Amino acid sequence: MRSIFITGTGTGIGKTVCSAVLAEALNADYWKPVQAGFEDGTDAQTVRNLVSNDRTVIHPELYKLALPASPHLSARAEGLQIDTDLIAKAHANLSTRNDFLLIEGAGGIMVPLNDDEFMIDLIKKLDAAVVIVSRNYLGSINHSLLTAKLLGQYKVPVLGWLFNDRFMDYEQELVNWSGIPAIGNIPWQSGIDRAFVKEQAEKVEPELRRLL
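Everything numeric here is computed off the predicted structure, so don't read it as measured data.

Thresholds, definitions, all that
The numbering scheme is per chain: residues are counted from 1 as the chain's sequence reads. pLDDT decides what is reported in this predicted model: residues at 70 or higher carry local features, side-chain atom pairs at 80 or more are listed and counted, and totals for whole chains, interfaces and linings draw on all residues regardless. With hydrogens and water set aside, each side-chain value is computed from the structure's full complement of heavy atoms. A run of DSSP states H or I qualifies as a helix once it reaches four residues; a run of E qualifies as a strand once it reaches two. Both are numbered from the N-terminal end. Counting of polar contacts relies on pairs of N or O atoms within 3.5 Å, with two restrictions inside protein: one atom must be capable of donating a hydrogen and the other of accepting it, and residues adjacent in sequence are counted only when both atoms are side-chain atoms. The contact rule is simple, with two residues in contact once any of their heavy atoms fall within 4.5 Å. Take a side-chain nitrogen of Lys or Arg and a carboxyl oxygen of Asp or Glu: if they are within 4 Å of each other, that pair is a salt bridge. Each residue gets one of three labels from its accessible area relative to the maximum for its type: buried under 20%, exposed over 50%, partly exposed in between, using a 1.4 Å probe on protein chains only. Buriedness for pockets is judged along seven lines, at least five of which must meet protein on both sides within 12 Å for an open set on the 1 Å grid over protein atoms alone, while cavities are sets there where a 1.4 Å probe fits but cannot get out, and lining residues have an atom within 4 Å of a point. Grid points are joined across faces, edges and corners, and a volume is the space filled by probe spheres set on the points.

A.B. asks: Looking at this structure, I do not really get the side chain of serine 140. What am I missing?
C.D. replies: Among the structural elements, serine 140 can be located in helix H6 (residues 140–153). Of note is the side chain of serine 140, whose polar atom sits 2.3 Å from the side chain of tyrosine 170. Not counting the four nearest positions on each side in its chain, serine 140 is found in contact with Arg135 and Tyr170.

Here it is in structure tokens:
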């Protein structure tokens, strides 16, 4: 089983929909070890509702925290501290019949998990390759390049960018500046359903598998 960590340039930039697209493209399992906020449903439930294939397994969260905030604050509100060693142990013990496991993070790579560790530290601990989700919005060039730069400094292998939405056309410039290839672009759509996810999965699958 190969682990692919889905991170993003920030919060609310489309990681969960992109995770569903990638899960559909690879018939991959999905796991979000830390869910912070679930009043409107969990990201795992969203992926389950959007994936059509019968092979993807949705693994339960290890930390399911009520407060929609940075995970370290959500955990603190419940008298907990997130233990990345516990997450790594759970990851090692996950059972799957599939070749790939998609792990969705919370927010970006510098989101704190506890007093000492950030999301990027968890990525390193899980020995996962990364897909960066970058939503096109005013300011995303800076956020995207900072994310790519720090992943490089930490020597984290990055498979590619998965872009979504469309503010202006600068995706190829991000590819050139970062040296990280593009997997594809998920266009903005008001209603996301299984048919849309399946269509996008078929579009990105060839390049995704080439990069794998």
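The discussion continues.
A.B. asks: What should I look at first to understand the pattern of salt bridges in this one?
C.D. replies: Oppositely charged side chains may form a pair once their charged atoms are brought near each other. Taken as a whole and assessed by the stated rule, the structure comprises nine salt bridges. We note a salt bridge from glutamate 24 to lysine 198, for which the minimum N-O separation is 3.9 Å. Taken together, the residues glutamate 24 in helix H1 (residues 15–26) and lysine 198 in helix H8 (residues 194–211) connect sequence positions 174 residues apart. For glutamate 24, a relative accessible area of 9% corresponds to the buried category.

A.B. asks: Would you take a moment to explain empty space enclosed by the protein for this structure?
C.D. replies: Rolling a probe over the atoms, with the probe sized like a water molecule, indicates the empty space that remains. Under the definition given, this model contains one cavity of 30 Å³ or more. As for the largest cavity, its lining consists of Phe5, Pro33, Val34, Ile103, Glu104, Gly105, Ala106, Met119 and Leu122. When residues of the lining of the largest cavity are traced back to their parent elements, those giving at least two are strand E6 (100–108) and helix H5 (119–126). Element by element, the count of residues in the lining of the largest cavity is highest for E6, at four residues.

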